[in-house]
Amino acid sequence: MRPLMEFLYDKWWMVFPQMAVAGRWAGGWRRAGDRRYRRRVELYKLQNQDKLQNQAREADRASVADVKSLMATHDATNRRWLDYELDVGKLIDFPLMTDVREPLTVAFLRAKREADGLRPPSAEDLTSVAGLDAYRQAVNNFVVALDVAEREAIRIRDSKFSGPERERLAVARKLLMIAENHAATPAERQSAYKRARRELDGLIVLPDVTVAALEGRIAPPLDAGPRPPQFHQG
């Protein structure tokens, strides 16, 4: 053991060349390993090119289930809005919902228009992830904007109207109940409808679709008028 230690003590300078040789050998081994790894990756890509391309296409394809779920949310939000737009009574109770002078009303109508514009004809027609993300953002904006406007409409109700104006709104609501009451005579319903429109004039602007829906429930029996007496031969 002692001769070996004396040899190493005398030849210590030989450690550096040996370390250099070992370093070059390790570096060469590492580079060779890197080359083998790259060749294996390239070979794998060549062998699985079609599979990888299909995976990439699938990763960029929107899920039909996700699109259907989003369209269902869109439909539900539209129905919430139509509950106001088709019901004059609700519009009288919550006039902010059709008042386009209100920023919140304008905001949710704009959000609705954007969501409607991005809605696909069917779930299968929206195939890109980017398109789905844009549609999802638009629907979410519509939901939030309607929530905010609805909460504000419920909070303020008719507080922006003066006392006499609120009385006119209350009268209009009662008259519309008569106009839609099938137990009333056609003449009573027609008179109530015309008086209700006069009471609302200058207070609430009824959207065309609201008027059409209201007249659709009232007009047919009014247009028909009283039937002439029928005579039967004995």
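Residues numbered from 1 in each chain as written. Predicted model: local features only at pLDDT ≥ 70, side-chain atom pairs only at ≥ 80, totals over all residues. Heavy atoms only, no water.

Honestly, the overall build of the chain in this entry has me stumped. Any pointers?
Looking only at helices and strands, the chain features ten helices and zero strands. A total of 234 residues make up the chain; the buried ones form 27% of that total. Approximately 16200 Å² of the chain is accessible, and the part contributed by carbon and sulfur atoms is 57%. (Helix = DSSP H or I, 4+ residues; strand = E, 2+ residues; numbered from the N terminus. Buried < 20%, exposed > 50% of the residue type's maximum accessible area, 1.4 Å probe, protein only. Areas by Shrake-Rupley, 256 points an atom, 1.4 Å probe, with all protein chains shown as cover.)

How should the nonpolar core be read in this particular structure?
Where a protein is soluble and globular, its nonpolar side chains tend to be buried together. Of all hydrophobic cores here, the largest spans 43 residues; its most connected members are Ile92, Met97, Phe108, Leu200 and Ile204. At the level of elements, α4 (64-85), α5 (88-93), α6 (103-118), α7 (129-156), α8 (163-179), α9 (186-200) and α10 (208-224) are the ones that each hand at least two residues to this core. At ten residues, the largest contribution of residues to this core is made by α7. (Core = buried A, V, L, I, M, F, W, Y, C linked by side-chain atoms within 4.5 Å.)

Teacher, can you tell me more about a nonpolar patch on the surface here?
Together, Leu82, Leu86 and Val209 make up an exposed nonpolar region whose accessible area comes to about 200 Å². Structurally, Val209 is set in helix α10. The exposure class assigned to Val209 is partly exposed, which follows from its relative accessible area of 35%. (Patch = residues over 30% accessible without salt bridge, like charges linked within 9 Å, V, L, I, M, F, W, Y side chains within 5 Å. Salt bridge = Lys/Arg side-chain N within 4 Å of Asp/Glu carboxyl O.)

When you look at the packing of α4 against α6 in this model, what are you seeing that I'm missing?
For any two helices packed against each other, the geometry is given by the interaxial angle and the distance between the axes. Where α4 meets α6, the closest approach of the two axes is 12 Å, and the angle between their N-to-C directions is 145°. Between α4 and α6 the crossing geometry is left-handed. Residues His74, Asn78 and Trp81 of α4 touch α6, and the partners they reach there are Phe108, Leu109, Lys112, Ala115 and Asp116. (Axes fitted to C-alpha atoms, helices over the stretch in contact; angles between N-to-C directions. Left-handed = near helix turned anticlockwise from the far one by under 90°. Contact = heavy atoms within 4.5 Å.)

Can you walk me through unusual backbone geometry in this structure?
Trans is the prevailing form of peptide bonds, just as negative phi is the prevailing case for residues other than glycine. Of note, Arg157 is a non-glycine position whose phi angle comes to about 45°, a positive value. Relative to the elements of secondary structure, Arg157 occurs in the loop between α7 and α8. Here Arg157 falls in the partly exposed class, since its relative accessible area comes to 39%.

Explain the pattern of salt bridges here, please?
Oppositely charged side chains can pair when the atoms bearing their charge come close. Evaluated as defined, the whole model comprises ten salt bridges. Arg80 is the partner of Glu150 in a salt bridge, and the nearest nitrogen-oxygen pair spans 2.6 Å. A residue pair is termed long-range when its members are at least 10 positions apart, and Glu150 in helix α7 and Arg80 in helix α4 qualify at 70 residues. Note on Glu150: relative accessible area 18%, which makes it buried.

Would you take a moment to explain the side chain of Asn78 for this structure?
Within the element layout of this structure, Asn78 appears in helix α4. The class of Asn78 is buried, set by a relative accessible area of 14%. When neighbours within four sequence positions are excluded, Asn78 is seen to be in contact with Lys112, Asp116 and Phe142.

Would you explain the side chain of Glu102 in this entry?
Within the secondary structure layout, Glu102 lies in the loop between α5 and α6. Setting aside its immediate chain neighbours within four residues, Glu102 contacts Leu96 and Lys160.

What am I meant to see in α8 here?
Helical geometry: 3.6 residues make up each α-helical turn, so side chains three or four residues apart lie on a common side. Taking 1.5 Å as the rise per residue, α8 with 17 residues should run 24 Å; its terminal C-alpha atoms sit 24 Å apart, in good agreement. Buried residues of α8: Leu169, Ala172, Leu175, Leu176 and Ala179, and no others. Looking straight down α8, one finds its buried side chains confined to an arc of 130°; they lie on one side. Of the exposed residues in α8, the ones pointing more than 90 degrees away from its buried face are Glu167, Lys174 and Met177. (Expected span 1.5 Å × (residues − 1). Arc of directions from axis to C-beta.)

Everything listed here is a matter of coordinates, which is why it stays silent on function.
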